[in-house]
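# Residue-level structure breakdown
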Amino acid sequence: MNNFEYLRAETLDQAVAAAAANPAAKFIAGGTNLVDLMKYNVERPERVIDITRLPLREIAPTEEGGLLIGALVPNSDLAYDERIQACYPLLASAILAGASPQLRNSATTGGNLLQRTRCYYFYDPGTPCNKREPGTGCPAIEGQNRIHAILGTSEHCIATHPSDMCVGLAALEAVIHVQGQGGARRIPIGEFHRLPGDTPHIDTTLRHDEVVTGVELPPSDYGSNHTYLKLRDRLSYAFALVSVAAALKIEDGVVAKARLALGGVAHKPWRDTAAEALLVGNPPGRERFAAAAEEVLRDARGYAHNSFKIELARRAIIRALEQAAAGTPQSQTDKRIR
Amino acid sequence: MSPSQEASADAAGIPVTLTVNGTTHRLTVQPTAVLLDVLRERLQLTGTKKGCDHGQCGACTVILDGRRVNSCMVLAAMKDGSSVTTIEGLAEDGRLHPMQQAFIEHDAFQCGYCTPGQIMSAVALLEEGRANTVEEIREYMSGNLCRCGAYVNIVAAIQQVLATGRRSATP
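All values derive from a computational prediction rather than experimental measurement.

Helices and strands together make up the secondary structure of chain A, namely 12 helices and 12 strands. With the C-alpha coordinates aligned to their principal axes, the bounding extent of chain A is approximately 60 × 50 × 35 Å. Every one of the 338 residues in chain A was classed for burial, and the buried ones make up 55%. Of the contacts formed within chain A by residues at least 6 apart in sequence, a portion of 65% connects residues at least 24 apart.

Below you can see the structure in the form of structure tokens.
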């Protein structure tokens, strides 16, 4: 780990100013990703700004009937919050599908949004990586790419976004609240994470001086017709090969509203509104689910070691939609997939 | 900014007060120091183990302000005023914590390196009160790896303590 200047921000304005004053500054909260990356010398901040004393730990109702989650709410508190469990069980399930109890206790809502990829090459400063060192190349494309993306890739980067929580947030149309020197703004979750394109070193649309202050959830009315289905190499404590967040609003036997987002397949949580549209207006059933899956994967591209993800994703989408339609969400403790 | 900012300009480090197993320590730490290293190297509490040092194995699990965390991923400078319980803080008056006793009775370890982290995690699991079934115990202990593969006996030890309802070394 490189040495750095440690600053403890007492106010949001101090935090923003401290970041604006140093282009090599980083905010820290839970630290479960940043400290790890610093130990590998992947991140080498000159200044680390501790934002954990800021008053961003509340989960508050919004006027619209949703919830505003403070950026510093730990993942475990969020997942077990009664209001989240009652009104946003899909989000609770996605969070509990990720990491371990220890990590969820430390990791924050804002930090989870800003997790960096777990691509092996990104994590190894001994190899080239366009995300870590722009312009050096992407060894994953011709190399070990079993865990890599099948959607939205570029010739510069095929990394995936590792978060489970963010896949749930994508399905729930969350809005990210941020504040920087230019004031406060709100970024829809779909516009928060980026595709790699020719600038894979930029993960999000957050500006350097901006702090995530909260995550807003609009009202949700999916009842028990949801699921978060995560498939991985072991049953717990592993990143997704493919995950699917699905939610359906079923009225009179017909899908009135559908949400479908995937994790483990792209540089960002992969929501597909065209696939959702194929479900709406039809009775829930395997044929329509398969059509939605085909739509999601129409432009999927596999590499030497990850082509299996295309078929895995197709089946996972269908199974997740079946679970959602039946109102039998995937348990995150009993791992049998029904 | 707070006085800590002024302190950070000082190469000597950042002053922090940590209460570890009930004893208050006033320390000056470097910005790069993680809680695990402070416990082991500054306070000589070597019961907490360094396994992967990257938040993947759980050997360094301690209870920080009432919650289990991976101490290898925590910058000590950020935890001024915090309370920590380590494996050394579980026994009382020479009596083992029921979880420690259960690990012995069930032979829930082989080499023992992951054991302090397993026990701290299991003690926190009792407090959290969310694990009732075997599946739930396994899931909520999944942040603690055991390379010897003592998992079956670890789960049995935790089941026994859950069944007794005891939560501390005090009878």
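Now, onward.
Residue and element names in this part refer to chain A. The domain boundaries assigned to chain A delineate domain 1 (5–50) and domain 2 (55–332). Tallying the contact residues gives 16 residues for domain 1 and 20 residues for domain 2. Residue composition of the side of domain 1 that touches domain 2, by class: 11 nonpolar, 5 polar and no charged.

The subject of this paragraph is the sheet that holds strand β3 (residues 47–50) of chain A. Strand pairing in a sheet relies on backbone hydrogen bonds, with the paired strands running either antiparallel or parallel. Residue and element names in this part refer to chain A. Spatially, the 3 strands line up as an open sheet ordered β1-β3-β2, and their pairing is parallel. Two strands in the sheet have a free side with no partner beyond their single neighbour: β1 (5–8) and β2 (25–28). Along the sheet, successive strands turn relative to each other by an average axial angle of 25 degrees, direction set aside. Note that β2 and β3 share 4 bridges and pair parallel. Looking at β3, one finds that F27 is bridged to I49.

It is worth spelling out the pairing of strand β7 (residues 183–188) of chain A at this point. All names here are of chain A. The buried fraction of β7 is low, at 0 of 6 residues. One ladder, built from 6 bridges, connects strand β6 (residues 175–180) with β7; its direction is antiparallel. Paired with H177 across the bridge in β7 is R186.

This paragraph deals with the interface of chain A and chain B. Size of an interface, as often reported, equals the accessible area lost when the parts are brought together. Counting residues at the interface gives 30 residues for chain A and 30 residues for chain B. Only β1, α2 (34–39), β3 and α6 (101–106) of chain A provide two or more residues apiece to the side of chain A that touches chain B. Top contributing element to the side of chain A that touches chain B by residue count: α6(A), with 5 residues. Residues belonging to the side of chain A that touches chain B are distributed by class as follows: 11 nonpolar, 12 polar and 7 charged.

Residues and elements named next belong to chain A. As summarised here, the arrangement of the 4 strands in space is β9-β10-β11-β12, forming an open sheet in which the pairing is antiparallel. Either end of the sheet is taken by a strand with one partner, and the two such strands are β9 (226–231) and β12 (270–271). Judged from the 2 bridges that link them, strand β11 (residues 254–263) and β12 form a sheet pairing that is antiparallel. Residue A261 lies in a different strand from β12, and its bridge partner there is R271.

Time to look at the domain arrangement of chain B. All names here are of chain B. Along its sequence, chain B is organised into domain 1 (3–89) and domain 2 (98–164). Counting residues at the interface gives 14 residues for domain 1, matched by 11 residues for domain 2. Mapped onto the side of domain 1 that touches domain 2, the elements with two or more residues apiece are β3 (61–64) and β4 (67–70). For the side of domain 1 that touches domain 2, the residue count by class is 6 nonpolar, 5 polar and 3 charged.

This part covers helix α11 (residues 286–297) of chain A. All names here are of chain A. Helix length check: α11, at 12 residues, gives a terminal C-alpha distance of 16 Å against a target of 16 Å (1.5 Å per residue), a fit within 8%. For α11, every residue scored as buried is listed here: R288, F289, A292, A293, V296 and L297. The buried side chains of α11 occupy one side of the element, clustering within an arc of 170 degrees when seen end-on. Buried residues along α11 sit against β11, α10 (273–279) and α12 (308–326).

Moving on, we come to the nonpolar core. The tendency in soluble globular proteins is for nonpolar side chains to be buried as a group. Ranked by internal contacts, the top residues of the largest apolar core, which has 158 residues, are A:A15, A:I49, A:A245, A:A292, A:I317, B:V34 and B:A76. No other element matches α12(A), which puts 8 residues into this core. Contact partners of A:A245, with chain neighbours within four places excluded, come to A:L90, A:A94, A:V167, A:G168, A:A170, A:A171, A:Y228 and A:A261.

In this section: the UniProt feature "domain: FAD-binding PCMH-type" (unreviewed entry) in chain A. Residues annotated by UniProt as "domain: FAD-binding PCMH-type" (unreviewed entry) correspond here to residues 1–222 of chain A. Secondary structure across residues 1–222 of chain A comprises 26% helix and 17% strand; the distance between its end C-alpha atoms is 45 Å.

A few words on the packing of α11(A) against α12(A). Relative placement of two packed helices is described by the angle separating their axes and the distance separating the axes. Residue and element names in this part refer to chain A. One way to put it is that α11 packs onto α12 with a least axis distance of 9 Å and a crossing angle of 140 degrees. With respect to α12, the element α11 is oriented oblique. The crossing of α11 and α12 is right-handed. For the pair formed by α11 and α12, the contact residues are R286, F289, A290, A292, A293, V296 and L297 on the first element and I310, A313, R314, I317, I318, L321 and E322 on the second. In the contact of α11 with α12, the residues fall into 11 nonpolar, no polar and 3 charged.

All names here are of chain B. When pLDDT is averaged across chain B, the result is 93; 93% of the residues are at 70 or more. Considering only residues more than four positions removed or in separate chains, one finds that residues 1–10, a stretch of pLDDT under 50, has 18 contacts. Our summary of model confidence lists the complex with pTM equal to 0.96 and ipTM equal to 0.96.

On to the environment of A:N145. Here A:N145 is to be found in the loop between α7 (109–113) and α8 (165–171). Separated by 27 residues in sequence, A:N145 and A:R118 place their C-alpha atoms 11 Å apart.

Moving on: unusual backbone geometry. Note: most residues except glycine have negative phi, and most peptide bonds are trans. All names here are of chain B. One non-glycine residue, D53, lies in positive phi territory at about 65 degrees. You can see D53 is positioned in the loop between α2 (35–42) and β3. Looking at D53, the number of C-beta atoms within 10 Å reads 17, which means it is partly exposed. Positive phi, normally seen in glycine, also occurs at D65, with a value near 50 degrees. Tracing the backbone through its elements, the reader meets D65 in the loop between β3 and β4. You can call D65 partly exposed: it has 13 C-beta atoms within 10 Å.

About the thresholds
Residues numbered from 1 in each chain as written. Chains lettered and ligands numbered in written order. Predicted model: local features only at pLDDT ≥ 70, side-chain atom pairs only at ≥ 80, totals over all residues. Helix = DSSP H or I, 4+ residues; strand = E, 2+ residues; numbered from the N terminus. Buried ≥ 20, exposed ≤ 12 C-beta atoms within 10 Å, placed from the backbone. Contact = placed C-beta atoms within 7 Å. Domains from an automatic or database assignment. Nonpolar A, V, L, I, M, F, W, Y, C, P; charged D, E, K, R; others polar. Pairing = 2+ DSSP bridges. Axes fitted to C-alpha atoms, helices over the stretch in contact; angles between N-to-C directions. Expected span 1.5 Å × (residues − 1). Arc of directions from axis to C-beta. Core = buried A, V, L, I, M, F, W, Y, C linked by C-beta atoms within 7 Å. UniProt positions renumbered as here; feature names shortened; annotations may be inferred. Parallel < 35°, antiparallel > 145°, perpendicular 65-115°, else oblique. Left-handed = near helix turned anticlockwise from the far one by under 90°. pLDDT = per-residue confidence, 0-100.

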